[in-house]
Amino acid sequence: MRAWWSDRASALLALAGALALLAAWGLLLDQGGSGFLLAYVGMEYPNITEIVFGYYFLLTAAPALLLLVFALVKMKVGERLMAYWDRFAAWPMSLALLAGFVLLATLSLRAGVLQGAATTQDEYVYDFIADTLEAGRLVNEVPDDPEHFANEFMILNDRGWFGKYPIGHPLLLAAAGKVGLRNAAVPVVSAALLVVTFVLGARLYDRRTALLAAVLLAVSPQFLLTGATRLSQPASALFASLGLVGLVAWERRPRALTALGAGLAFGFALLVRPFPGLLFVPVAAAALLAGQHGGGPRRKWLHAALVGAGVLGGLAALAAVNLVQTGDAFRTGYHIDYKVADTAALVSKGHSAATVTSSVMNGLARLHVWQAGFPLLLVCAFFARPVRGRRLLWGMLGALLAYRFLIPKAGVVSTGPIYLYEALPWLAVLCADGLRRSEMPSALGWFTARSRRIAFLAGGAAVALAFFWPVNLESLYFGARRHQRAYDMVERAASKSAVVFYEARIQGTWARYLRNPKPDLSDDVLYLRKRAFSYAELEEFAARRFPDRERWVLLYSNGGNPRLLPLSDLVEKERQEPRPPERLRIPVSGG
């Protein structure tokens, strides 16, 4: 009886400690304001509020996790969870349930938290490129008065009007748009990525490890929140992971079709995101040529050529698009946007020791918490069993880290370390096997019991739900509201046919400007940046180009609150109080 009471009392004390830390976390959040992550500045370095958030989070969530795991072990919860896990793992529909959960969760997050709003300006550019592709074009005709249509990450010059990004991801958006499901495109890609992660885990290890990897991915904040956006990283991870599955399958049974399939997958990953796609290729080539099988060197080189053919197909597509858009197969929209002459200058842009250090360290720090929403899980990856193919995964992770050295940026943090997104499925597989590994180092003796490792995952999920998810969902929700309220205001006040000029960048979101017009200017409401034009000049332009549309101006106060005013009122006010407008004409080719 005394031992039972001792276990129960120590568990209750540990739970009380975890709750006290949760209360401290709440007080720290109150002190810091609503959401530490709403400082949408600092592409090169993390903002101080994010650093404070991470500092407070580790000081409270990490000890709370340890206390919670201790309490679960003392209450023998791990044994009961083991039984539930065994039943779930044996259920034939478990993977389908997880994929369905990811699809439903990402769609719900998009509708309920993001409210359909863009989290970064990139998403508007992807939509524009998708609209262009749906119309069967790679570039659009330059509209009359082009200076009124320039926007961030958009190219508008004598070659045409197009977005600077590669067409791989917009192709998927365009295909989904053809059947009216563009909003579901990235959620479907995310669900497919979960299934591919399972297949990769099963080929490297076994079904139960693969299923645990799928679970870890399905509850990842970064995985789910990025899946609710229009961003290209899920598609990049999907096709790179398909390439990995092909290479692992080829290693076990070398077939020409498998080699070609792996090459085509890597080739399309290049078409989605050339970086880090180009860095994955040498890792894949090294693994292919170092692989051991009974086909002999001649067959190996033949299959390597097939993989190379698939990769070259992706590169050829990139070159063909560049030729149409820029007139040079080796000159991309990035070159034009950044105003550099060659790729060496593009890659070296912004390099400094401080920027590179920030890029690498900040990415790893973000990944440590955004992967699962609680600390310490990444450590498990280092205990994955040394099976054939594990080096390939670590090589791909190394290539992704090299990407942060070559093109250094801290990047946006709306949904996590976006430039390390492709690591999520591969780390999920390694972490899953590390957690399931039966022989653990003696230094981790307390962790060897399977029930304790399940308690660690359960405690981590509880910590993520209590500490991590609420503040980040709040941050994303209010960021989306700041962006979306301009559209809501216009919808309430304007007719179904209007042109709206707007001033200033939108505060509190990485989607700093409103959406681009469609290539054919068929939008019900056209949103155009005011720039340095006077209101009289805007009135003249709009009356001449869009005589049948209402004309409005959206102004933002210092606090970021929008006001919608008729353009005619502002023209009249400008006439009554004349002042020479500032003339700052920007280059038409960029935003």
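In what follows, the structure referred to is the one given above.
Undergrad: Whenever I open this one, the packing of aromatic side chains confuses me. Can you help?
TA: The way to describe two aromatic rings as a pair is by their centre distance and the angle between their planes. Applying the stated criterion across every chain yields a total of 26 aromatic pairs. Considering the side-chain rings of Phe-57 and Phe-468, the 5.5 Å spacing of their centres and the 65° angle between planes classify their relative orientation as edge-to-face. Taken together, the positions of Phe-57 in helix H2 (residues 48-74) and Phe-468 in helix H19 (residues 450-493) put the pair 411 residues apart, joining distant regions of the chain. Phe-468 carries the same exposure label as Phe-57, and that label is buried. Grouped by ring-pair contacts, the aromatic residues Trp-25, Phe-53, Phe-57, Trp-370, Phe-467 and Phe-468 constitute a single cluster. Above the ring of Tyr-487, the side-chain terminus of Arg-515 is found at 4.4 Å from the ring centroid.

Undergrad: Would you mind going over the packing of helix H7 (residues 185-204) against helix H10 (residues 233-252) with me for this structure?
TA: Helices that pack against each other are described as a pair by the angle of their axes relative to one another and the distance between those axes. Axis separation between H7 and H10 bottoms out at 9 Å; the angle between their running directions is 25°. Regarding the angle of H7 to H10, the classification is roughly parallel. Where H7 crosses over H10, the handedness of that crossing is left-handed. Contacts from Val-186, Val-189, Ser-190, Ala-192, Leu-193, Val-196, Val-199, Leu-200, Arg-203 and Leu-204 of H7 reach H10 at Pro-234, Ala-235, Ala-237, Leu-238, Ser-241, Leu-242, Leu-244, Val-245, Val-248, Ala-249 and Arg-252. A per-class count over the contact of H7 with H10 returns 17 nonpolar, 2 polar and 2 charged.

Undergrad: Looking at this structure, how should I read the packing of H10 against helix H17 (residues 390-406)?
TA: Running from N to C, H10 and H17 cross one another at 150°; their axes reach a closest spacing of 11 Å. Accordingly, the angle class assigned to the pair H10 and H17 is roughly antiparallel. Classified by chirality, the crossing of H17 by H10 is right-handed. Packed against H10, whose contacting residues are Leu-244, Leu-247 and Val-248, the element H17 presents Leu-392, Leu-393 and Met-396 at the interface. Along the lines of polarity and charge, the residues of the contact of H10 with H17 split into 6 nonpolar, no polar and no charged.

Undergrad: Sorry if this is basic, but what is going on with the sheet that holds strand E3 (residues 498-502) here?
TA: Adjacent strands of a sheet pair through backbone hydrogen bonds, lying either parallel or antiparallel. Taken together, 4 strands build an open sheet; the order of strands is E4-E3-E5-E6 and the sheet is mixed. Edge positions in the open sheet fall to strand E4 (525-529) and strand E6 (562-566), since each of these has one partner strand only. Going across the sheet, the axis of each strand differs from the next one's by a mean of 25°, ignoring polarity. The sheet contact formed by strand E5 (residues 550-556) and E6 spans 5 bridges and is antiparallel. When the bridges of E6 are listed, Val-553 appears paired with Leu-565.

Undergrad: Would you take a moment to explain the side chain of Arg-549 for this structure?
TA: By the element assignment, Arg-549 lies in the loop between helix H20 (535-545) and E5. An unpaired buried charge is present at Arg-549: no salt bridge exists, and Asp-523, the closest side chain of opposite charge, is 6.1 Å distant. Those residues in contact with Arg-549 that lie beyond four places of it in its chain are Ser-497, Ala-498, Val-499, Leu-521, Ser-522, Asp-523, Asp-524, Val-525 and Leu-526.

Undergrad: I would appreciate a short explanation of the environment of Ser-108 in the present structure.
TA: Position of Ser-108 relative to the elements: it lies in helix H4 (residues 94-113). Along the primary structure Ser-108 and Ala-228 are separated by 120 residues, whereas in three dimensions their C-alpha atoms are 8.0 Å apart. For Ser-108, the side chain forms a polar contact with the main-chain oxygen of Leu-104, separated by 2.8 Å.

Undergrad: For this particular structure, what's the right way to read the pattern of salt bridges?
TA: A side chain of one charge can pair with a side chain of the opposite charge if their charged atoms are brought near each other. Counted under the stated rule, the structure contains 22 salt bridges. By sharing partners, the salt bridges in this structure join Asp-127, Asp-131, Glu-134, Arg-182 and Arg-230 into a single network.

Undergrad: How should I be thinking about a nonpolar patch on the surface in this particular structure?
TA: A grouping of Trp-91, Met-93 and Leu-97 is seen on the molecular surface, where their side chains present a nonpolar patch of about 300 Å² in accessible area. As for its placement among the helices and strands, Met-93 is situated in the loop between helix H3 (77-90) and H4.

Undergrad: Got a minute to help me understand the nonpolar core in this structure?
TA: A general tendency of soluble globular proteins is for nonpolar side chains to be buried together. Membership of the largest hydrophobic core comes to 115 residues, with the highest contact counts inside it found for Leu-194, Leu-200, Phe-223, Leu-377, Met-396, Trp-426 and Phe-456. In terms of nonpolar packing, the next biggest core, distinct from the first, is built from 36 residues, Val-499, Phe-501, Ala-542 and Leu-555 among them.

Undergrad: I tried to follow unusual backbone geometry on my own but got confused; where do I start?
TA: If a residue is not glycine, its phi is most likely negative; likewise, a peptide bond is most likely trans. Between Phe-275 and the following residue, Pro-276, the backbone shows a cis peptide bond with an omega angle of 15°. Summarising the element assignment, Pro-276 is placed in helix H12 (residues 274-290). A positive phi angle, near 55°, is found at Asp-145, a position not held by glycine. Mapped onto the elements, Asp-145 comes out in the loop between helix H5 (121-134) and strand E1 (154-157). We note that Arg-531 has phi near 60°; this positive angle belongs to a residue other than glycine. Topologically, Arg-531 is positioned in the loop between E4 and H20.

Definitions and cut-offs
Residues numbered from 1 in each chain as written. Predicted model: local features only at pLDDT ≥ 70, side-chain atom pairs only at ≥ 80, totals over all residues. Heavy atoms only, no water. Phe/Tyr/Trp six-rings, centres within 6.5 Å; stacked < 30°, edge-to-face > 60°. Helix = DSSP H or I, 4+ residues; strand = E, 2+ residues; numbered from the N terminus. Buried < 20%, exposed > 50% of the residue type's maximum accessible area, 1.4 Å probe, protein only. Lys NZ or Arg CZ within 6 Å of the ring centre and 35° of its normal. Axes fitted to C-alpha atoms, helices over the stretch in contact; angles between N-to-C directions. Parallel < 35°, antiparallel > 145°, perpendicular 65-115°, else oblique. Left-handed = near helix turned anticlockwise from the far one by under 90°. Contact = heavy atoms within 4.5 Å. Nonpolar A, V, L, I, M, F, W, Y, C, P; charged D, E, K, R; others polar. Pairing = 2+ DSSP bridges. Lys, Arg positive; Asp, Glu negative; His and termini not counted. Salt bridge = Lys/Arg side-chain N within 4 Å of Asp/Glu carboxyl O. Polar contact = N/O pair within 3.5 Å; in protein donor to acceptor, adjacent residues only side chain to side chain. Patch = residues over 30% accessible without salt bridge, like charges linked within 9 Å, V, L, I, M, F, W, Y side chains within 5 Å. Areas by Shrake-Rupley, 256 points an atom, 1.4 Å probe, with all protein chains shown as cover. Core = buried A, V, L, I, M, F, W, Y, C linked by side-chain atoms within 4.5 Å.

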